[in-house]
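# Descriptive structure summary
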Amino acid sequence: MDPRGGSFLFGLRTRTTMHNHRQLCLLVMVALNLTPLILAQFPRECVTPVGLRSGQCCPSPTGVVNDECGSATGRGQCVSISADSRRHGPQYPHDGQDDRERWPLRFFNRTCRCNGNFSGYNCGRCRHGLTGPNCTQSISVVRRNVMQMTSAEKKAFVTALDMAKRTVHPDLVICTRRYQEVLGPDGNTPQFENITIYNYFVWTHYYSVSKTFLGAGQASFGGVDFSHEGPGFVTWHRFHLLQLERDMQDMLGDASFALPYWDFAIGGSECDVCTDDLLGARSVFDVNSVSPNSIFSQWRVICESVQDYDTLGTICNNSETSPIRRNPAGNVARPMVQKLPEPQDVVDCLDLKTFDTPPYYSTSSESFRNTIEGYSAPQGGYDPVVRSLHNLAHLFLNGTGGQTHLSPNDPIFVLLHTFTDAIFDEWLRRHAPGEAVYPEENAPIGHNRQFNMVPFWPPVTNAEMFVSAPGNLGYTYEVTWPSRPYTVSEIITIVIVAVVLIVLVGSGVVACGMRARFYGTTEGLEPLLGETFRRYSEDDRRMEKSQSVV
Ligand SMILES: *[C@@H]1O[C@H](CO)[C@@H](O)[C@H](O)[C@H]1NC(C)=O
Ligand SMILES: *[C@@H]1O[C@H](CO)[C@@H](O)[C@H](O)[C@H]1NC(C)=O
Ligand SMILES: *[C@@H]1O[C@H](CO)[C@@H](O)[C@H](O)[C@H]1NC(C)=O
Ligand SMILES: *[C@@H]1O[C@H](CO)[C@@H](O)[C@H](O)[C@H]1NC(C)=O
Ligand SMILES: *[C@@H]1O[C@H](CO)[C@@H](O)[C@H](O)[C@H]1NC(C)=O
Ligand SMILES: *[C@@H]1O[C@H](CO)[C@@H](O)[C@H](O)[C@H]1NC(C)=O
């Protein structure tokens, strides 16, 4: 058995006393099939003054005229964008003040719609899970536990992340001003910048959680979040990871590259992925820093100038500032976040039957989504002081990775979220819910089923990500899920059944012996059988009682 799986089970064993657990080894190795969807702020070729004024972003994959969206070869066509106009929850009381409302209509109202298996902002590529010149070959990648990778695989992953931190995104550029100021002071200088692949990953997250600027001298409005505290939490982060994974595949020229995951549900106060061969050990010079032996000690964060964004109404850009800060288990002021989630928390959360519950917010109770996100106890009950699962893993890091607007700057974010996505995918597999359980309206702004997730381009809805990954998105997880330990009442039941069986077998042996000895006499047999049956029915009644508790 692999070391990771071993310690997973060991943790469980010590917590749940003696009893052996069911070894449900659920290797998620599924038939890889075709799928829907697309990728990507805005393609470089669309952010010209003319492009912005037209509201249309329909480039050609071949770059020739009269081939927008590859229409000349039947790949796709330029269509108007539909954006969700259903009611959203009461959390966001403004209207028309935020560029992200009815995304992406403030910027563009026409985009490519690709035919068949084609995809991408210009229909020049294939949907997730397909490849080949005509996008007819299936392809799937396997996301694995980072702790189970070989040293060579770990090294390759760390090197790839570092390359992504330094490689300019080939297609996408970021907007660094609100729409109102997007054409610059002279009205003819689009305010867009190149950004690296990894920093794009950080920027999209920042953009989705940033406050609404209400005007100079006014406090910005913080009660808005297009990627957290709502049903879109799981779908948004799923697409976020897919985008990074595909960008890295392209960068590496390796279609089989898969993001690994960090099984953070190991309890205890040790960050097992915080080693220099992975995400970086703790520096011996500063408890809040990453070891100089790790490449990540050289990384600098973006999106840190919150003061500027909130008072000037500017937007995060690609300029890098301070190093990553991280102090695993170091938040002495908040003991509750000094320990990682337990395996049992995952078991409990996967048992929840309802995807999300009104008000579809961070106050939802008995909601799978609010539980995996970590605002509820792992068993589903909402409790304002609880931080569990995903939230707990973030807060445990006590640093860059624990602050929402900055968190993806710490690359642990990637692995923390692939594991969160693995739990989401396992929940989809076990409960097979169908699209209807995802709320169509009254979720917080950004979280309705048909809302285009902010700020991805071309438009992709929450619904498109609410599908099982192996059959639709071209990836699977290789995970051994922890199994539920026996409860006290189950243990009692098992003991009683065992005792009854022993008694039955024992008395059967005795009875047979008696019968053999007193064969032919009814006096010797009757009282003994009677006694045995009486005892059995007593035990039987007790057993039923304990079973009803299970
Ligand atoms: C699309 O956007 C352009 C540019 O902002 C605008 O002129 C046009 O009226 C819009 N079309 C629709 C249908 O909203
Ligand atoms: C792709 O489609 C074109 C046009 O239908 C065809 O000529 C070509 O053989 C196909 N290529 C492959 C690899 O299937
Ligand atoms: C899309 O790909 C699948 C899987 O290879 C194939 O069966 C299907 O025919 C393709 N669809 C189109 C429209 O090419
Ligand atoms: C952005 O990157 C592209 C491609 O690498 C390059 O052609 C372009 O000049 C860059 N733009 C700026 C403003 O640096
Ligand atoms: C990038 O953002 C920083 C922080 O807000 C700001 O000081 C800087 O001027 C910005 N750079 C550009 C080119 O806008
Ligand atoms: C880290 O923990 C300290 C208390 O030990 C706390 O004051 C600080 O706010 C925490 N930092 C983050 C980013 O959570």
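Residues numbered from 1 in each chain as written. Chains lettered and ligands numbered in written order. Predicted model: local features only at pLDDT ≥ 70, side-chain atom pairs only at ≥ 80, totals over all residues. Heavy atoms only, no water.

### Let's talk about the overall build of the protein
Our working definition: A run of DSSP states H or I qualifies as a helix once it reaches four residues; a run of E qualifies as a strand once it reaches two. Both are numbered from the N-terminal end. With residues, only the protein chains shown are counted as cover, and all accessible areas are computed by Shrake-Rupley using a 1.4 Å probe.
Scanning the protein for helices and strands turns up 14 helices and twelve strands. Taken as a whole, the protein presents about 23600 Å² of accessible surface, with 54% of it coming from carbon and sulfur.

### Thoughts on the UniProt feature "domain: Tyrosinase copper-binding" (unreviewed entry) in the protein
Just so we agree on the cut-off: UniProt positions are given in the numbering used here, feature names are shortened, and annotations may be inferred rather than shown by experiment.
Residues annotated in UniProt with the feature "domain: Tyrosinase copper-binding" (unreviewed entry) correspond here to residues 228-245 and 410-421. Counting secondary structure, residues 228-245 comes out at 78% helix and 0% strand; the distance between its end C-alpha atoms is 21 Å. Measuring from the first to the last C-alpha atom of residues 410-421 gives 18 Å, for a span that is 83% helix and 0% strand.

### Some words on the environment of Pro-133
Rules: The cut-offs for exposure are 20% and 50% of the maximum accessible area for each residue type, with area from a 1.4 Å probe on protein chains only; residues under the lower value are buried, those over the upper are exposed, and the others partly exposed. In this description, contact between two residues means that some pair of their heavy atoms is separated by no more than 4.5 Å.
Here Pro-133 is to be found in the loop between strand E7 (130-131) and strand E8 (137-138). Overall, Pro-133 belongs to the exposed group, its relative accessible area being 69%. Each C-alpha atom of the pair Pro-133 and Phe-118 lies 10.0 Å from the other, and the pair is 15 residues apart in sequence. Pro-133 has contacts with Arg-75 and Phe-118, leaving out every residue within four places of it along the chain.

### Section: the nonpolar core
What counts here: Residues grouped as a nonpolar core are buried Ala, Val, Leu, Ile, Met, Phe, Trp, Tyr and Cys residues, joined through side-chain atoms within 4.5 Å.
By size, the foremost hydrophobic cluster in this structure holds 110 residues, and its most contacted members are Tyr-198, Trp-203, Met-248, Trp-262, Phe-264, Phe-368 and Ile-423. By residue number, the principal contributor to this core is helix H10 (residues 412-431), which donates eleven residues. If near-sequence neighbours (up to four positions away) are discounted, Trp-262 is found in contact with Cys-271, Asp-272, Val-273, Leu-340, Ile-412, Leu-415, Leu-416, Thr-418 and Phe-419. The next biggest cluster of nonpolar side chains, apart from the first, holds ten residues, and it includes Cys-114, Cys-123, Leu-130 and Cys-135.

### Quick word on helix H9 (residues 389-396)
Along an α-helix, residues three or four apart share an orientation, since each turn contains 3.6 residues. Judged by how many residues are buried, H9 sits mostly within the fold: eight of eight residues are covered. As for H9, its buried residues are in contact with helix H5 (232-252), helix H7 (343-351), helix H8 (368-373) and H10. Two residues or fewer past H9, Asn-398 is found with a positive phi of approximately 45°.

### So, the sheet that holds strand E2 (residues 56-57)
Rule in force here: Being paired, for any two strands, means DSSP has found at least two bridges between them.
With mixed pairing, the three strands of this open sheet are ordered in space as E2-E4-E3. For this open sheet the edge positions go to E2 and strand E3 (76-80), each flanked by a neighbour on one side alone. Here two bridges tie E2 to strand E4 (residues 110-114), and the two strands are oriented parallel to one another. Within the sheet, the bridge partner assigned to Cys-57 lies in E4 and is Thr-111.

### Looking at the pattern of salt bridges
Pairs can form between side chains of opposite charge whenever their charged atoms are close. Where we set the bar: The term salt bridge refers to a pairing of a side-chain nitrogen on Lys or Arg with a carboxyl oxygen on Asp or Glu at a separation within 4 Å.
Counted under the stated rule, the structure contains 22 salt bridges. Arg-238 is the partner of Asp-425 in a salt bridge, and the nearest nitrogen-oxygen pair spans 2.9 Å. Of this pair, Asp-425 sits in helix H10 while Arg-238 sits in helix H5, and the two are 187 residues apart along the sequence. Of the two residues, Asp-425 and Arg-238, neither departs from the other in class, the shared state being buried. Notably, a salt bridge pairs Asp-356 with Arg-369, separated by 2.9 Å at the nearest N-O pair. Separated by 13 residues along the polypeptide, Asp-356 in the loop between H7 and H8 and Arg-369 in helix H8 bring together distant segments of the chain. For the pair Asp-356 and Arg-369, a shared accessibility class is recorded, and that class is buried. The network of salt bridges with common partners includes Arg-143, Arg-238, Glu-245, Asp-421 and Asp-425.

### A short note on the sheet that holds strand E11 (residues 192-196)
In spatial order, the strands read E1-E10-E11; together these three strands make up an open sheet with antiparallel pairing. Edge positions in the open sheet fall to strand E1 (42-43) and E11, since each of these has one partner strand only.

### Side note on the state of the cysteines
The line we're drawing: Put simply, a disulfide is two cysteine sulfurs that come within 2.5 Å.
Enumeration over the complete set of coordinates arrives at seven disulfides. With its sulfur 2.0 Å from that of its partner, Cys-58 forms a disulfide with Cys-78. The sign of the 70° torsion about the S-S bond sets the Cys-58-Cys-78 disulfide as right-handed. Here Cys-58, found in the loop between E2 and E3, pairs with Cys-78, found in strand E3; they are 20 residues apart in sequence, far enough to count as distant. A disulfide bridge connects Cys-303 with Cys-316, and the sulfur atoms are separated by 2.0 Å. With the S-S dihedral at roughly -70°, the linkage between Cys-303 and Cys-316 falls on the left-handed side. With Cys-303 in the loop between H5 and helix H6 (306-312) and Cys-316 in the loop between H6 and H7, this pair connects stretches of sequence that are 13 residues apart.

### Considerations on a nonpolar patch on the surface
As a reminder, the rule being used: Two joining distances apply to patches: 9 Å for like charges and 5 Å for nonpolar side chains (Val, Leu, Ile, Met, Phe, Trp, Tyr), and every residue must have over 30% relative accessible area and no salt bridge.
On the surface, Leu-501, Leu-504 and Val-505 cluster together into a nonpolar patch covering about 250 Å² of accessible area. Residue position: Val-505 is located in helix H13 (residues 488-517). Residue classification places Val-505 among the exposed positions, given a relative accessible area of 54%.

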